[in-house]
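Here is what each chain is made of, one letter per residue.
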Amino acid sequence: SDVCSSDLDHGRFDEAEDLLRQALAIDPELPEALTSLMAVRKMGAADAPWRDAAERVLARGLAVAHAINLHHALGKYYDDVDDRDAAFEHHRMGNELARRSRLRYDRAEMTQRVTRTLTAFDRNALAALRSGGIASERPVFVVGMPRSGTSLTEQILASHPQVHGAGELLYWIFAADAERAATPEQRAATIAELGRAYLEGLATQAPDASRVVDKLPVNFRNIGLIHAALPGARFIHLGRNSLDTCLSIYFQGFSAAHPYATDFGDLAHYYHEYRRLMAHWRAVLPPRTLLEVRYEDLVDDPEGWSRRMLAHIGLPWDPRCLEFHRTDRPVLTASNWQVRQPINRSSVERWRRYERFIEPLRKALGDELRDSDAT
């Protein structure tokens, strides 16, 4: 299984499929192999035996985690063969199972946490704190909602010879806990130390790269802290149509680390809080710190936007950035298949395929729908 995971991470999908089929030849109803097979390519009518085996295994009864994953895998299969009713129903069942078996998303707690962040990193606080930070230009942060084009953006940038794509580093999630725990007297020193330790880690991981991309999407919550610690860092924020973003998250089958992902109301609430934070960062960060990129614009004009992103992080143009799908590097996110394909518009306005199912999502997003898709 480790060999198969490595093949998937590096984009060797044919080799991964061969290994998975060998596993299924030994045990035709192995849930992990059935689920993983879904990640290696688009499915078609010839894959009906896979569908039958997956549905047999589900009907027989499975551990909850396997059942959740297999429902989402079947959802993808039915989406691939354009049976939208069955696709949506399997994704819905996977999310219902997850919702019943995990900790619930706490809307009030999320709202309070965002409000605290806005206060703790207002314009005055950032001005006072950044003077003690380290002005290195090595770190580049790609942020946004999951499923908004962050993996694609990292892959484009990492195709530049001077850039290392570090993937999704969890450092600033724990750093934010440490910063919140510091007393007011310790706060500035704590933030400076967090920045220093982070740069040390980057130097160990990629000693020769002049830029290192950290693409943990949820760092949109930590932009103020990161900027205070590393005022020379650059941020690239990926925005995408709100319905496309939320529906793609709902269909993905994320882990319990994303408790908002299983319910349209929770998704809309989390999306609203994300937008509230991003509006704040846009207002308080110095000019040229944050570049806004629309996913739809990036796929319409890959070269223009790739040039703009490289200029933003202070690097010259390199045509290899347009051959990003050939770049051999591990991609450990849900998008590892998509980033190996040339850019296309197949994911733009994908929500229209499921329009009749998502009225509750549209209603929950409300004004957010209009505002986010206009900016």
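These notes cover the structure that comes with them. Predicted model only: the values in this text are computed from it and were never measured.

All right, on to the packing of aromatic side chains then. Enumeration according to the criterion identifies 21 aromatic pairs in this entry. With 5.1 Å between their ring centres and 55 degrees between their planes, Tyr 171 and Tyr 198 make a pair best called tilted. Of this pair, Tyr 171 sits in helix H10 (residues 171-181) while Tyr 198 sits in helix H11 (residues 187-205), and the two are 27 residues apart along the sequence. Residue classification places Tyr 171 among the partly exposed positions, given a relative accessible area of 25%.

It is characteristic of soluble globular proteins that their nonpolar side chains tend to be buried jointly. Of all hydrophobic cores here, the largest spans 82 residues; its most connected members are Trp 50, Phe 88, Phe 141, Trp 172, Leu 230 and Ile 358. The element contributing the most residues to this core is helix H14 (residues 264-284), with 10 residues. Aside from chain neighbours lying at most four places away, what touches Trp 50 is Leu 34, Leu 37, Met 38, Met 43, Ala 73, Leu 74 and Tyr 77. Core analysis: the second largest hydrophobic core is formed by 22 residues, Val 140, Leu 157, Ile 236 and Tyr 295 among them.

Taken together, the side chains of Leu 170, Ile 173 and Phe 174 present a nonpolar region at the surface, about 290 Å² in accessible area. As for its position among the elements, Leu 170 is in the loop between strand S2 (163-167) and H10. On the accessibility criterion, Leu 170 (46% relative accessible area) is partly exposed.

With that out of the way, let us pick up unusual backbone geometry. Unusually for a residue other than glycine, Asp 82 sits at a positive phi of about 70 degrees. Residue placement: Asp 82 occurs in the loop between helix H5 (64-80) and helix H6 (84-101). Residue Arg 147 is not a glycine yet carries a positive backbone phi of 65 degrees. Mapped onto the elements of the fold, Arg 147 is located in the loop between strand S1 (139-144) and helix H9 (150-158).

Further remarks concern the pattern of salt bridges. Taken as a whole and judged by the stated rule, the model has 27 salt bridges. One salt bridge connects Glu 292 with Arg 282, and the closest N-O pair in it is separated by 2.7 Å. Within this pair, whereas Glu 292 is found in strand S5 (residues 290-294), its partner Arg 282 is found in helix H14, the two being separated by 10 residues in sequence. The closest approach of N and O atoms between Glu 296 and Arg 294, which form a salt bridge, is 3.4 Å. A relative accessible area of 13% places Glu 296 in the buried class. Taking the relative accessible area as the measure of exposure, Arg 294 reaches 18% and is therefore buried. Among the charged side chains, a salt-bridge network with shared partners connects Asp 79, Asp 82, Arg 84, Arg 350 and Arg 353.

Reading guide: rules and limits
Residues numbered from 1 in each chain as written. Predicted model: local features only at pLDDT ≥ 70, side-chain atom pairs only at ≥ 80, totals over all residues. Heavy atoms only, no water. Phe/Tyr/Trp six-rings, centres within 6.5 Å; stacked < 30°, edge-to-face > 60°. Helix = DSSP H or I, 4+ residues; strand = E, 2+ residues; numbered from the N terminus. Buried < 20%, exposed > 50% of the residue type's maximum accessible area, 1.4 Å probe, protein only. Core = buried A, V, L, I, M, F, W, Y, C linked by side-chain atoms within 4.5 Å. Contact = heavy atoms within 4.5 Å. Patch = residues over 30% accessible without salt bridge, like charges linked within 9 Å, V, L, I, M, F, W, Y side chains within 5 Å. Areas by Shrake-Rupley, 256 points an atom, 1.4 Å probe, with all protein chains shown as cover. Salt bridge = Lys/Arg side-chain N within 4 Å of Asp/Glu carboxyl O.

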